[in-house]
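# Summary of the model geometry
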Amino acid sequence: QVQLVESGGGLVQAGGSLRLSCAASGRTFSNYGMGWFRQPPGKEREFVAAITRTSGSTHYADSVKGRFTISRDNAKNTVYLQMNSLKPEDTAVYYCAATTSVLLRLERLYDYWGQGIQVTVSS
């Protein structure tokens, strides 16, 4: 089992920044690719960003490319999502997740999920 706990969400004005953190416990963190997903109000959950086990590769949704940065610190068992130039359409519940798959964009292949954290961007 892997337990994931997100932090760092909140309310921010458009154009502002937030950094989400996801702390992992349980099994060896470095064995898992990590992803961030989000669920906007009234919509399906969607892929945001992902990072491979050793930070060798990152992946982003087109909607956040150039504004969001995913990173991880395997020594601290933590993955981060730095969100800059936030827009109202970034408002959502953000989830971190862990997977043993190399197909990091596929939500259904993630094994463990955090409880989610609210990010609200006001216009």
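Structure report, in brief. (Residues numbered from 1 in each chain as written. Predicted model: local features only at pLDDT ≥ 70, side-chain atom pairs only at ≥ 80, totals over all residues. Heavy atoms only, no water.)

What follows deals with the nonpolar core. L4, M34, W36, L81, M83 and Y94 are the most contacted members of the largest nonpolar core, which totals 37 residues. At the level of secondary structure, the elements contributing two or more residues to this core comprise β1 (2-7), β3 (18-26), β4 (33-39), β5 (46-51), β7 (68-73), β8 (78-83), β9 (92-99) and β11 (117-122). The contacts of Y94, once residues within four sequence positions are left out, are E6, L20, W36, F37, R38, V48, F68, L81, M83, G116, I117 and V119. (Core = buried A, V, L, I, M, F, W, Y, C linked by side-chain atoms within 4.5 Å. Buried < 20%, exposed > 50% of the residue type's maximum accessible area, 1.4 Å probe, protein only. Helix = DSSP H or I, 4+ residues; strand = E, 2+ residues; numbered from the N terminus. Contact = heavy atoms within 4.5 Å.)

The sheet built from four strands is open, its strands ordered β1-β3-β8-β7 with antiparallel pairing. Both outer strands of the open sheet, β1 and β7, are each paired with one neighbouring strand and no more. Each neighbouring strand pair of the sheet contributes to a mean axis angle of 15 degrees, computed without reference to strand direction. Where β3 and β8 come together, six bridges link them in antiparallel fashion. Each bridged residue has a counterpart across the sheet, and for S21 the counterpart in β8 is Y80. (Pairing = 2+ DSSP bridges. Axes fitted to C-alpha atoms, helices over the stretch in contact; angles between N-to-C directions.)

Keep in mind these numbers describe shape, not what the thing actually does.
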